[in-house]
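Architecture at a glance
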Amino acid sequence: ATVAVWTAFGMNASQIVLEYFHSTYKPQYPSWTWLSSAQTLTFFGLGVADAALRRSGGLDPALLSPVVFSVLLATACLSVAVGMPFTKQLTQHRVSDEVRQSDGFHRLTVVLAVFWMGLFATAAGCAWAAYAVQNDERLPHAVHAVVGTALPLAVMAGGVLATPVIGKALKAKYGVKGIADIEPEKDDNGKEDGEKANSNDQNTEADASNLV
């Protein structure tokens, strides 16, 4: 458990550093995120607990999965409770500043956060159930592996696949436009901004050649 805990801590701590520096170059990205911060603190706490329990054999590795999923659930709930859903941080770079401040975008991110709260709760429930019966010799080891590991991972994978589909439906429902959905403005002649700029560049080059 010691190696796994401190490796996970190092990976999440590195993610926090990368998020901060990435935001300095691209301000549309958050300088920190709920999930990375929560997991970093969680694995640090688990590492300290493992060191404190070293004389008695250290931290039970079977606790890692249920604790992590429980913390993710608590973090998601807290982010919604304070009015800053963790999903808003992860999607804000996909929309304009105006959309980012809109009620529709906020409602969209709250719904997605609640969806993931359900997934985290399901995964945590499976993990805690497997932990509770880990010493029950009447159950085959495969049952523990399926309930405690395979099911939570399947739930997370399903959430990753379902989120874009749900997000697309919510965008249509709340009238939220992403950056890719915003059409370029056109002038009075029906030309888009890019075409207008290219036309102006060509005219400038022609004028310069006439001067020569």
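Let us now look at the overall build of the protein chain. When its secondary structure is counted, the protein chain shows eight helices and zero strands. Put simply, the protein chain runs from its N terminus to its C terminus through helices and strands in the order α-α-α-α-α-α-α-α. The buried share among the 212 residues of the protein chain stands at 31%. Of the contacts made within the protein chain by residues no fewer than 6 positions apart, 69% connect residues no fewer than 24 positions apart.

All right, on to the pattern of salt bridges then. Going through the model one piece at a time under the given rule, you end up with two salt bridges. The partner of D50 in a salt bridge is R54, and the shortest N-O contact between them spans 2.5 Å. A residue is classified by how much of its surface remains accessible, and D50, at 4% relative accessible area, is buried. A relative accessible area of 43% means that R54 is categorised as partly exposed. For the salt bridge of D97 with R100, the shortest nitrogen-to-oxygen distance reads 2.5 Å. Here D97 and its partner R100 are both found in helix α5 (residues 97-100), three residues apart, which amounts to about one turn of the helix.

Our focus in this paragraph is the environment of T87. Structurally, T87 can be placed in helix α4 (residues 86-91). With 11 residues separating them in the primary sequence, T87 and A76 have C-alpha atoms 8.7 Å apart. When sequence neighbours within four positions are dropped, the list of residues in contact with T87 reads T109, L112 and A113.

This part takes up the nonpolar core. Residues F69, F86, F120 and M156 are the most contacted members of the largest nonpolar core, which totals 24 residues. Listing elements by their share of this core, those giving two or more residues are α1 (2-25), α2 (34-52), α3 (64-81), α6 (103-132) and α7 (141-174). No other element matches the eight residues that α6 contributes to this core. For F69, the residues in contact, after removing those within four places along its chain, are F120, A123, A124, A127, P152 and M156.

Turning our attention to a nonpolar patch on the surface. Together, V17, Y20, F21 and Y25 make up a nonpolar patch on the protein surface, roughly 500 Å² of accessible area in all. Along the chain, V17 falls in helix α1.

Our next topic: the confidence of the model for the protein chain. Summarising the model, the protein chain shows a mean pLDDT of 83, and 83% of its residues fall at 70 or more. Of all the helices and strands in the protein chain, helix α8 (residues 193-211) carries the lowest mean pLDDT, 44, while α3 carries the highest, 95. Here residues 192-200 scores under 50 on pLDDT; set against residues more than four positions off or in separate chains, the count is six contacts. With pLDDT under 50 throughout, residues 202-212 is counted as low confidence; its partners more than four residues away or in other chains account for zero contacts.

A separate point is the layout of surface pockets. There is about 350 Å³ of room inside the second largest pocket. Surrounding the second largest pocket, 18 residues form its lining, A62, S65, P66, G148 and T149 being those nearest its centre. Elements that contribute at least two residues to the lining of the second largest pocket include exactly α3, α6 and α7. Looking at the lining of the second largest pocket, the element that brings in the most residues is α7, giving seven residues.

Analysis parameters
- Residues numbered from 1 in each chain as written.
- Predicted model: local features only at pLDDT ≥ 70, side-chain atom pairs only at ≥ 80, totals over all residues.
- Heavy atoms only, no water.
- Helix = DSSP H or I, 4+ residues; strand = E, 2+ residues; numbered from the N terminus.
- Buried < 20%, exposed > 50% of the residue type's maximum accessible area, 1.4 Å probe, protein only.
- Contact = heavy atoms within 4.5 Å.
- Salt bridge = Lys/Arg side-chain N within 4 Å of Asp/Glu carboxyl O.
- Core = buried A, V, L, I, M, F, W, Y, C linked by side-chain atoms within 4.5 Å.
- Patch = residues over 30% accessible without salt bridge, like charges linked within 9 Å, V, L, I, M, F, W, Y side chains within 5 Å.
- Areas by Shrake-Rupley, 256 points an atom, 1.4 Å probe, with all protein chains shown as cover.
- pLDDT = per-residue confidence, 0-100.
- 1 Å grid on protein atoms, 1.4 Å probe; cavity = no way out; pocket = protein on both sides within 12 Å on 5 of 7 lines; lining within 4 Å.
- Points joined across faces, edges and corners; volume = space filled by probe spheres on them.

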